[in-house]
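Below are the chains, spelled out letter by letter.
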Amino acid sequence: MKNPESSNIHHPGPSAVPKTKTGLSGEVQFPIVGIGASAGGLEALKQFLVKMPADSGMAFVVVQHLDPDHKGMMCELLQHNTLMKVYTVTDRLKVRPNCVYIIPPNRSMSILHGALFLFEPTETRGLRLPIDSFFRSLADDQLDKSIGIILSGMGSDGRLGVKAIKEKNGLVLVQDPANAKFDSMPRAAIDAVTADAIALDTDLPQKLLEITGQSFIQNVGTEQEKNDSSLEKIMILIRSHTGNDFSLYKKNTVYRRIERRMGIHLIAKISHYVRYLQENPVEIELLFKELMIGVTSFFRDTSVWDQLTEQILPKLIGKLPDNYIIRVWIPGCSTGEEAYSLAIIFKEAIEKLSQGKNISMQLFATDIDSVAIDKARKGVFPANIAAEVSPSRLKRYFVKVGDHYRINADIREMVVFALQNVIKDPPFTKLDFLSCRNLLIYMNTELQRNTLSLFHYSLNQNGILLLGNAETNGTQNNLFSAVDSKMRIYQRAGTPKMEELFNFPSSFSNHNIASIEIQKPMKTPDNLLALTDQLLLQKFSPASVLVTDKGDILYITGSTGKYLEPAAGKANLNLFAMAREGLLNVLPMAFRKAMQNYERIVMENIKIKTDNGIQLINLTIQQLDKPASLKDKILVVFTDVTKVERKSAKIKEGKVPVNEMQNELELELRTNREEVQSIREEMQTSQEELKSTNEELQSTNEELQSANEELTTSKEEMQSLNEELHTVNVELQSKIDDFTRVNNDMNNLLNSIEIATLFLDKELKIRQFTDPATKIFKLIPSDIGRLFTDQVNDLNYPEMYNDAKEVLKTLKFKEITVSTRDERWFNIRLMPYRTLDDRIDGLVITFIDVTKPKHLEKALQNTGTLLRSFIQTVPSIIIGLSSEGKIIEFNPESEKLFGRKRKDVLGKDYVDLMIPASMRKKVAAEMENLLSGILPNQYDNLVEAVNGEKFTITWSAHKLLDDSGMAIGLITVGEKYTKP
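About the thresholds
- Residues numbered from 1 in each chain as written.
- Predicted model: local features only at pLDDT ≥ 70, side-chain atom pairs only at ≥ 80, totals over all residues.
- Heavy atoms only, no water.
- Helix = DSSP H or I, 4+ residues; strand = E, 2+ residues; numbered from the N terminus.
- Buried < 20%, exposed > 50% of the residue type's maximum accessible area, 1.4 Å probe, protein only.
- Salt bridge = Lys/Arg side-chain N within 4 Å of Asp/Glu carboxyl O.
- Pairing = 2+ DSSP bridges.
- Axes fitted to C-alpha atoms, helices over the stretch in contact; angles between N-to-C directions.
- Right-handed = clockwise from strand over helix to strand, strands pointing away.
- Contact = heavy atoms within 4.5 Å.
- Patch = residues over 30% accessible without salt bridge, like charges linked within 9 Å, V, L, I, M, F, W, Y side chains within 5 Å.
- Areas by Shrake-Rupley, 256 points an atom, 1.4 Å probe, with all protein chains shown as cover.
- Core = buried A, V, L, I, M, F, W, Y, C linked by side-chain atoms within 4.5 Å.
- Phe/Tyr/Trp six-rings, centres within 6.5 Å; stacked < 30°, edge-to-face > 60°.
- Lys NZ or Arg CZ within 6 Å of the ring centre and 35° of its normal.
- Parallel < 35°, antiparallel > 145°, perpendicular 65-115°, else oblique.
- Left-handed = near helix turned anticlockwise from the far one by under 90°.
- Nonpolar A, V, L, I, M, F, W, Y, C, P; charged D, E, K, R; others polar.
- Arc of directions from axis to C-beta.

Examining the side chain of Thr-820
Thought 1: Looking at the element boundaries, Thr-820 is found in the loop between β30 (814-819) and β31 (825-834).
Thought 2: Judged by its relative accessible area of 4%, Thr-820 is buried.

Considering the pattern of salt bridges
Thought 1: Tallied over the full model, the rule gives 19 salt bridges.
Thought 2: When the shortest N-O distance is used, the salt bridge between Arg-580 and Glu-565 registers 3.6 Å. A residue pair is termed long-range when its members are at least 10 positions apart, and Arg-580 in the loop between α19 (575-578) and α20 (583-596) and Glu-565 in the loop between β24 (553-557) and α19 qualify at 15 residues.
Thought 3: Overall, the relative accessible area of 6% leaves Arg-580 in the buried class.
Thought 4: You can call Glu-565 partly exposed: its relative accessible area is 37%.
Thought 5: With its nearest N and O atoms 2.8 Å apart, the salt bridge here joins Asp-783 to Arg-786.
Thought 6: Asp-783 sits in the buried class, given a relative accessible area of 3%.
Thought 7: By relative accessible area, which is 43% here, Arg-786 ends up partly exposed.
Thought 8: Salt bridges sharing common partners tie together Lys-347, Glu-351 and Arg-396.

Focus on the sheet that holds strand β20 (residues 459-467)
Thought 1: Overall, mixed pairing links the seven strands, which are arranged β18-β14-β13-β19-β20-β22-β21 in an open sheet. For this open sheet the edge positions go to β18 (415-419) and β21 (480-484), each flanked by a neighbour on one side alone. Averaged over all pairs of adjacent strands, the angle between strand axes in this sheet comes to 25 degrees, irrespective of strand direction.
Thought 2: In terms of strand pairing, strand β19 (residues 431-436) meets β20 through five bridges, oriented parallel. In the sheet register, Cys-436 faces β20, and the bridge partner there is Leu-467.

Some points on the pairing of strand β11 (residues 171-175)
Thought 1: For β11, the tally of buried residues reaches five of five residues, placing the bulk of the element in the interior.
Thought 2: Side chains Leu-171, Leu-173 and Gln-175 project from β11 onto one buried face, and the interleaved Val-172 and Val-174 project onto a second face that is buried too.
Thought 3: Summarising the sheet, strand β10 (residues 146-150) and β11 pair through four bridges and their orientation is parallel. Paired with Ile-149 across the bridge in β11 is Leu-173.
Thought 4: For the crossover from β10 across helix α4 (residues 159-167) to β11, the handedness is right-handed.
Thought 5: With three bridges connecting them, β11 and strand β12 (residues 197-199) associate as parallel partners.

Some details on the sheet that holds strand β37 (residues 967-976)
Thought 1: Strand order across the open sheet formed by five strands is β34-β33-β37-β36-β35, with antiparallel pairing between neighbours. Each end of this open sheet is capped by a strand with a single partner; those strands are β34 (887-890) and β35 (938-944). Neighbour-to-neighbour, the strand axes of this sheet turn through a mean angle of 30 degrees, independent of strand direction.
Thought 2: As judged from the six bridges shared by strand β33 (residues 877-882) and β37, these two strands associate in the antiparallel manner. Of the residues in β37, the one forming a bridge with Gly-880 is Ile-971.
Thought 3: The strands that helix α28 (residues 920-932) touches are β33, β35, β36 (950-961) and β37; relative to β37, the one it contacts most, it runs at about 120 degrees.

A word on a nonpolar patch on the surface
Thought 1: On the surface, Val-742, Met-746 and Leu-749 cluster together to form a nonpolar patch covering roughly 250 Å² of accessible area.
Thought 2: Along the chain, the position of Val-742 falls in helix α22 (residues 660-753).
Thought 3: By relative accessible area, Val-742 is classed as partly exposed at 46%.

Observations concerning the nonpolar core
Thought 1: Counting residues in hydrophobic clusters, the biggest one holds 47 residues, and the most contacted among them are Leu-308, Leu-342, Leu-363 and Phe-398.
Thought 2: Examining the composition of this core, we find that nine residues originate from one element, helix α12 (residues 337-353), more than from any other.
Thought 3: Once residues lying within four places of it in the same chain are set aside, the contact partners of Leu-363 are Val-328, Ile-330, Ala-339, Leu-342, Ala-343, Met-414, Val-415 and Val-416.
Thought 4: Among the nonpolar cores identified, the runner-up in size contains 42 residues, and Ile-234, Ile-270, Met-292 and Phe-480 belong to it.

Some points on the packing of aromatic side chains
Thought 1: Applying the stated criterion across every chain, the model contains 19 aromatic pairs.
Thought 2: Both rings, one in Phe-898 and one in Phe-951, keep their centres 6.1 Å apart while their planes meet at 45 degrees; by these two values the pair is tilted. Pair noted here: Phe-898 is in helix α25 (residues 892-898) and Phe-951 is in strand β36, with a separation of 53 residues, a long-range link.
Thought 3: Note on Phe-898: relative accessible area 0%, which makes it buried.
Thought 4: Three or more aromatic residues link up through ring pairs in this structure, and these residues are Phe-298, Tyr-340, Phe-381, Phe-398, Tyr-405 and Phe-417.
Thought 5: For Arg-767, the ring lying beneath its charged end belongs to Tyr-833, and the centroid distance is 5.1 Å.
Thought 6: Between the NZ or CZ atom of Lys-976 and the centre of the ring of Phe-951, over which it lies, the distance is 4.8 Å.

Observations concerning the packing of helix α8 (residues 251-264) against helix α10 (residues 281-291)
Thought 1: The contact between α8 and α10 brings their axes to 10 Å, and the two run at 135 degrees. With respect to α10, the axis of α8 lies oblique. Handedness of the crossing formed by α8 with α10: right-handed. Every residue of α10 that contacts α8 at Val-254, Arg-257, Ile-258, Arg-260 and Arg-261 is listed here: Glu-283, Leu-286, Leu-287, Glu-290 and Leu-291.
Thought 2: For the contact of α8 with α10, the class distribution of residues is five nonpolar, no polar and five charged.

Remarks on α10
Thought 1: Within α10, the full set of buried residues consists of Glu-283, Ile-284, Leu-287, Phe-288, Glu-290 and Leu-291. Looking straight down α10, one finds that the buried residues subtend no more than 155 degrees of arc, so they occupy a single side.

A look at the environment of Gly-969
Thought 1: Structurally, the position occupied by Gly-969 is in strand β37.
Thought 2: Distance in space between the C-alpha atoms of Gly-969 and Met-927 is 9.7 Å, their sequence separation being 42 residues.
Thought 3: Each residue touching Gly-969, except ones within four places of it in the same chain, is listed here: Leu-881, Ser-882, Ser-883, Leu-931, His-958, Lys-959 and Leu-960.

Next up, the structure:
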């Protein structure tokens, strides 16, 4: 083994080394760096470790694609390049700083509380994604301290892992794809997230030290530096540059993103970073992208989609009328996966549940990230979505294009993507369904409240709201009722308070039901009965208000000024907010009693303070059960008590009042007693409600724990699917490479042999053609798709179309030799076009130029007659040979000498027939030399007669030439050699 001490290893100075920290548990905390590599990654790993100092204070866990059947040698190979100790991971191995850990073959790996755990892989070979698996585990264990590095490799393993690290606000560094031997994995990581650094493998260590040195040493986010002034300045710069306001987002989230960018640029103070933003507008755009947390996938949280499919959508669609268009809005749609998922399940539900009704859907998907919207509009997704989409849906709703999937036209046309800021831009209205998952968690309480009020306004009555698994409608629980609190599915209910309607985005005016009803002019009645009813209602009936179960006023009858008055501050038409002094003491208790059933609640002689003094009133409250439009609304009636009524009440009780003061005191005492009793009942009710709330909270906590366990299980299942997808992707990539090579081979073959070829479909239209075909047919590229007989050609072959149809019908190839108008000759072959799965998909027509052989044949035919008559009379041995050594002439003298007939030897090989076996190679070489003109024309060689007799002949050889002067054969004249 090479001595590490003598290695040429670079060590940066100690100032660049991040220091370790002590956690709450007393354990030393240090950065744990996951390194993912595959094909070509060994060389990059070596370069990385050579440049990484041995005392960096970090631990490195290397996850590489290894042959499961081969003993790993990575530990020995990498130890040559670093002074750090290199270990092969064993189960429950505790990670220590300044060490390198290598995953063993045929294992998957996770990390928990800083210890590495090995698992038997459950996936088949080639279907594993060990980098994604470990990076996800690292993100869950180390949270915002997690660091992932992607080096050279094929496929897309690590793409989902770096997204998980980014979700936890961790660091992601990627090898420059131009520097990587295989750039698929680096490019996949860069496409998935905004990497904190992209650099050469030799520069990544220094980048890592610089960033972590800022994050772990200087602690840029100290409370002293987190001043509101600098943060607000950054928000102003982002707003002016991008038009988007992040001032109402949660400060901790924004601070963490800002600190990350400061660490990358080695900026210690936030005030300095403000200056840097002013001088570098590109950094504003990068910070804006850093704040955009685009976390989405197809059918994320499968239990939610199952609940929508099985419970929510059947109820929603089943009650819709004919010719109805379902309106859906998804704010914060990111790259569109959830929008398309929702379109798919709505389409399936409509097809299943519409029961012959004409029901369609229009889905609006919006986001403030223009890059994400552009990707969503294209509808093109990487091949690994097969881990998220079922095979049946993948086949039905997607089209495979190369190594990507494209959403089909039916689903794409259902979705409208648009740039929109949900905070400041006008919303979509009259919605039946609204999905906003994992957007509210980044907003502060005020913005959450306003956004939920906006969603309430946008939805139709009983419209469905879907939130993320970490979100609730807690800030506005009066606006939505829970349909399935575990799945975060809610239904629009109630009416917002008046002040909540004035902070919505502009482009629509704010009105409330009560004010609209009050301001309506009285409609002139058409008959006396209606006129009398309205007169009695306005002049003689007691004052009353119609309110919701929350006390929000919907309608006012008569003059209520003595009982209700506007509260100071924002306009608020709520009964409890407007009740005058005295009325507010008894109103809540009576209201709660009325909410329990539909019985009338009457409270007498309530003393309230008005502008003109003290007024006694009787209060009547009743919950309405009909008509249906007013069901569960509350009617509150105010009736003044006159002095006569008060005296009559005293006389009935058998009490003669001594004076007015005594009456007032007795009344006040009775009222106070009733109030005390009411307070006691209220207190008991509150205690019961608190107990009930406590039980609900405990139940909710259990549900959250259960949801967390289910989410963990879902993550594990998704990991398995993604690993399987990776193998399929690798296989497809291999097949694509094979097809590319075969295609290149075929193109080079066709170009090298220069054979004119036409490829036709079943309708005999041109599918493709080679360049030499343009010398026969007048073809240009735009002729593809046209009938081949429509093209002008030089062939004397009018039957070609009929012959092509016959071959297509009988599947038997046809071969014919035809001439052209300019005396060229072609051997034409018509053959069926067979696909790889043995289907007939058209014809292939080849045109082989045989002009020269035809001309030679014609020349030989013209000279053959004259030569033959001459050759028959010559007393010498005359044998004619072709360029291939075949006998083409054999005169009578030759017949006598060799004992063979002319008809028996024509077309036979002269050397094999006439030359002894031991001499055949020599004679064949001599004939080739004669044709090339190397040997003299006269020579001797040994021949053999049919009877086995051998003798020597002295030959005189002469070349046969064609019109162009090329040698096409030999004429040999010989005499039997006799000794002198």
